[in-house]
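Fold and geometry: a report
One letter stands for each residue in the lines below.
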Amino acid sequence: MSDYHALNAKEAIDYARSIEGIFPEDAELSSREIGDGNLNLVFHISDPKSGKSLILKQALPYAKVVGETWPLTIDRARIESEALLLQSSLCPELVPHVYIYDSVLALTVMEDLSDHVIMRKGLIEGNEYPLFAEHIGHFLAHTLFYTSDLGLNQQQKKLRVQQFINPELCKISEDLIFDHPYTNAETNNFNPLIGNEVKQIWHNSKLQFEVALLREGFLTHAQALLHGDLHTGSIFITSRSTKVIDPEFAFYGPMGFDIGAVIANLLLNYAGQEAWIADETARIKFREYLLQTVQDVWQHFSEQFLALWQKDSVDRLSSVPGYRENYMQRLLQDAMGYAGCKMIRRIIGLAPVADIQSINDPNIRAKAERIALSIGQALILQHRQASSIDEILEIAKRGLEQ
């Protein structure tokens, strides 16, 4: 740590130039700081002449979104790089290539994905991605199965749990997802026009009971290695390619948390379309696409997860009749509940999503927020009774009645 310091643009260029085999020796490199996230510096280093480029991502010792008053461990850079390498071993086509991890500078050098777009931005613009559900279903099935007790020797898995202990970033999730949105916390940041709806959530004991159960699972259920922050801002995409980035929140937790995060962010965009597509017919059609994508994500995930279970399970007891069906139903229920928590957190708490926050008209934004809060609450309240992905779709449709 004594040699750690935050890089500036010139130092980022010098570092990139020192990496063998990437840029020509006489390359005139340029640097742009492109980090629009909440925690890190991100430099885009490029050589216009050769067309080659790469990304330098450096962890700061504090939360960028707040400042130095919120200190954070830079060990999260190690966790991110090791998670990316593990994910790459399981589905290399779905994560960026890592060139170097520098533990002193808390720096990861990786493939540049500038030919892709951030999925959140693409969805706001009304773009459809026909291969996304298949790709993310594959990513979820492989990364979750092969890091769980089903696909990994149980003793090896315990060592992995130790490797990915991530208390500081887990604390962020524990507070911002499961605690602060349900009380009058200083970190909360919501539209005054939905103040009544927010106060109702603060006083809804039935809702908070279900949140407490979901939080208990997050705290105690070391089921598989999670990405930990799998929203549409952590996915680069084109019509043919999907790349999952930013697993610095990786830790061993309940599988449904990752699955639910994907579902939640599709539904947040579903709510936000109240503003983004003016034509009603086109808006209805795009919302149908989003709901079909939710359904397809679960279908691709569950089919591939069960196929891996059939082929590569290392756990004899997991073949007991009825166990798989029970396991998958619990996964669906968890995903539904965590999706609801993720939606409410993005409307009431710190770090809202652009799908809704960037709506200029406060009244239209409030309508979209009410839709999201309605869907989120219903997902949480009904998650323990869920038996089909169709129930999530019906909740989403009813949410538009706000």
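From a predicted model like this one, the values you see are computed outputs, not experimental measurements.

On to the overall build of the protein, then. Each helix and strand counted, the protein has 14 helices and 12 strands in total. Since a compact globule built from 402 residues should have a radius of gyration of about 21 Å, the 21 Å found for the protein is in line with a globular shape. Burial statistics for the protein: of 402 residues in total, 55% are counted as buried. Pairs at least 24 residues apart make up 73% of the contacts formed inside the protein by residues separated by at least 6 positions. Surface accessibility of the protein: about 17,500 Å² in total, with carbon and sulfur atoms responsible for 50%. The averaged location of the 52 negative side-chain charges in the protein is 3 Å from the averaged location of its 36 positive side-chain charges.

Here the focus is the sheet that holds strand β11 (residues 242-244). Strand order in this open sheet of three strands is β8-β10-β11, and the pairing throughout is antiparallel. Bordering the open sheet on either side are β8 (117-118) and β11, each of which pairs with just one other strand. In this structure, strand β10 (residues 235-237) lies alongside β11, joined through three bridges in antiparallel fashion. Counted as the bridge partner of I237 is T242 from β11. Against the sheet, helix α4 (residues 132-145) makes contact with β10 and β11, and its axis sits at roughly 35 degrees relative to β11, the strand it touches most.

Attention shifts here to the pairing of strand β2 (residues 40-47). The buried fraction of β2 amounts to eight of the eight residues, a majority that puts the element mostly inside the structure. Here β2 shows no split at all, with N40, V42, H44 and S46 on one side and L41, F43, I45 and D47 on the other all buried. Direction of pairing for strand β1 (residues 30-33) relative to β2: antiparallel, over a ladder of four bridges. Counted as the bridge partner of E33 is F43 from β2. With eight bridges joining them, β2 and strand β3 (residues 52-59) adopt antiparallel strand pairing. Bridging from a neighbouring strand, I45 pairs with L54 of β3. Between β2 and β3, which pair antiparallel one after the other, the connecting turn spans four residues, and G51 there sits at a positive phi close to 80 degrees.

So, on to the pattern of salt bridges. This structure, assessed with the given rule, holds 18 salt bridges. The salt bridge partner of K397 is E394, with a shortest N-O separation of 3.5 Å. Taken together, the positions of K397 and E394, both in helix α14 (residues 390-399) and three residues apart, correspond to about one turn of that helix. Residue class for K397 comes out partly exposed when judged on its relative accessible area of 45%.

Within the open sheet, the five strands sit side by side as β1-β2-β3-β7-β6. Their pairing is antiparallel. For this open sheet the edge positions go to β1 and β6 (98-102), each flanked by a neighbour on one side alone. Direction aside, the axes of adjacent strands within the sheet are offset by 20 degrees on average. Each of β1, β2, β3, β6 and β7 (107-111) is contacted by helix α1 (residues 9-17), which is oriented at about 60 degrees to β2, the strand it contacts most.

In this section: the nonpolar core. Grouped together as the largest cluster of nonpolar side chains are 95 residues, with contacts concentrated most on F132, I136, L267, F301 and F305. The biggest single contributor to this core is helix α11 (residues 323-348), with 13 residues. Dropping the residues within four chain positions of it, F301 is found in contact with G137, L140, A141, L144, I259, M328 and L331. Formed by 24 residues, the second largest nonpolar core is a distinct cluster that contains A12, I19, I45 and L107.

A grouping of L317, V320 and Y323 is seen on the molecular surface, where their side chains present a nonpolar patch of about 250 Å² in accessible area. Position of V320 among the secondary structure elements: in the loop between α10 (280-312) and α11.

The backbone of A106 shows a phi angle near 55 degrees, a positive value even though the residue is not glycine. Its place among the elements puts A106 in the loop between β6 and β7. With relative accessibility at 0%, the residue A106 sits in the buried group. You will see that A351, though not glycine, has its phi angle at about 65 degrees, which is positive. Note that A351 resides in the loop between α11 and α12 (354-357).

With that settled, the discussion passes to the side chain of D258. When you line up the elements, D258 lands in helix α9 (residues 255-276). The side chain of D258 is buried and forms no salt bridge, while K342, the nearest opposite charge, is found at 7.0 Å. Within the structure, the side chain of D258 is placed 2.7 Å from the backbone nitrogen of H227, a separation counted as a polar contact. Engagement of the side chain of D258 in a polar contact is seen with the backbone nitrogen of G228, the distance being 3.1 Å. Among residues more than four places away in sequence, those in contact with D258 are L140, L144, L226, H227, G228, D229 and L230.

What follows concerns the packing of aromatic side chains. One pass over the full model with this rule turns up 17 aromatic pairs. The side chain of R287 reaches across the aromatic face of Y270, ending 5.3 Å from its centre.

Here we take up the state of the cysteines. Tallying each qualifying case throughout the model produces zero disulfides. The thiol of C170 is unpaired, and the distance to the nearest cysteine sulfur, on C341, comes to 15 Å. A relative accessible area of 11% means that C170 is categorised as buried. The exposure class of C341 is buried, given its relative accessible area of 0%.

What counts, and at which threshold
- The residue numbers shown here count from 1 along each chain, following its written sequence.
- Only residues with pLDDT of 70 or above have their local features reported here, since the model is predicted, and side-chain atom pairs are shown and tallied only from 80 upward, although totals for entire chains, interfaces and linings are computed over all residues.
- Just so you know, side-chain values use all the structure's heavy atoms and leave hydrogens and water out.
- Helix and strand definitions follow DSSP, with helices as H or I runs of at least four residues and strands as E runs of at least two, each counted in order from the N terminus.
- Here the globule rule reads 2.2 Å times residues to the power 0.38, and the radius of gyration is calculated from C-alpha atoms.
- Between buried and exposed lies partly exposed: a residue is buried under 20% and exposed over 50% of the maximum accessible area for its type, with that area taken using a 1.4 Å probe on protein chains only.
- The contact rule is simple, with two residues in contact once any of their heavy atoms fall within 4.5 Å.
- Computed with the Shrake-Rupley method and a 1.4 Å probe, the accessible areas treat only the protein chains shown as cover for residues.
- Only four residue types enter the tally: Lys and Arg on the positive side, Asp and Glu on the negative side, with His and both chain ends excluded.
- The location of each charge is read from NZ of Lys, CZ of Arg, CG of Asp or CD of Glu.
- Strand pairing is assigned whenever DSSP identifies at least 2 bridges connecting the two strands.
- Note on method: axes are straight lines fitted to C-alpha atoms, helices fitted across the in-contact stretch only, with angles between N-to-C directions ranging 0 to 180 degrees.
- We define a salt bridge as a contact between a side-chain nitrogen of Lys or Arg and a carboxyl oxygen of Asp or Glu at a distance within 4 Å.
- Only buried Ala, Val, Leu, Ile, Met, Phe, Trp, Tyr and Cys residues count toward a nonpolar core, and they belong to the same one when joined by side-chain atoms within 4.5 Å.
- Patch definition: residues above 30% relative accessible area lacking any salt bridge, with like charges linked at up to 9 Å and the nonpolar side chains Val, Leu, Ile, Met, Phe, Trp and Tyr linked at up to 5 Å.
- Under the rule applied, a polar contact is a pair of N or O atoms within 3.5 Å (in protein, one hydrogen donor and one hydrogen acceptor; residues adjacent in sequence only if both atoms are side-chain atoms).
- Centres within 6.5 Å make a pair out of two Phe, Tyr or Trp rings, where for Trp the six-membered ring is used; the pair is then stacked when the planes are under 30 degrees apart, edge-to-face when over 60, and tilted otherwise.
- To sit over a ring, a charge needs its Lys NZ or Arg CZ within 6 Å of the ring centre and within 35 degrees of the ring normal.
- A pair of sulfur atoms, both from cysteines and within 2.5 Å, is called a disulfide here.

So yeah, pure geometry; function would need other evidence.
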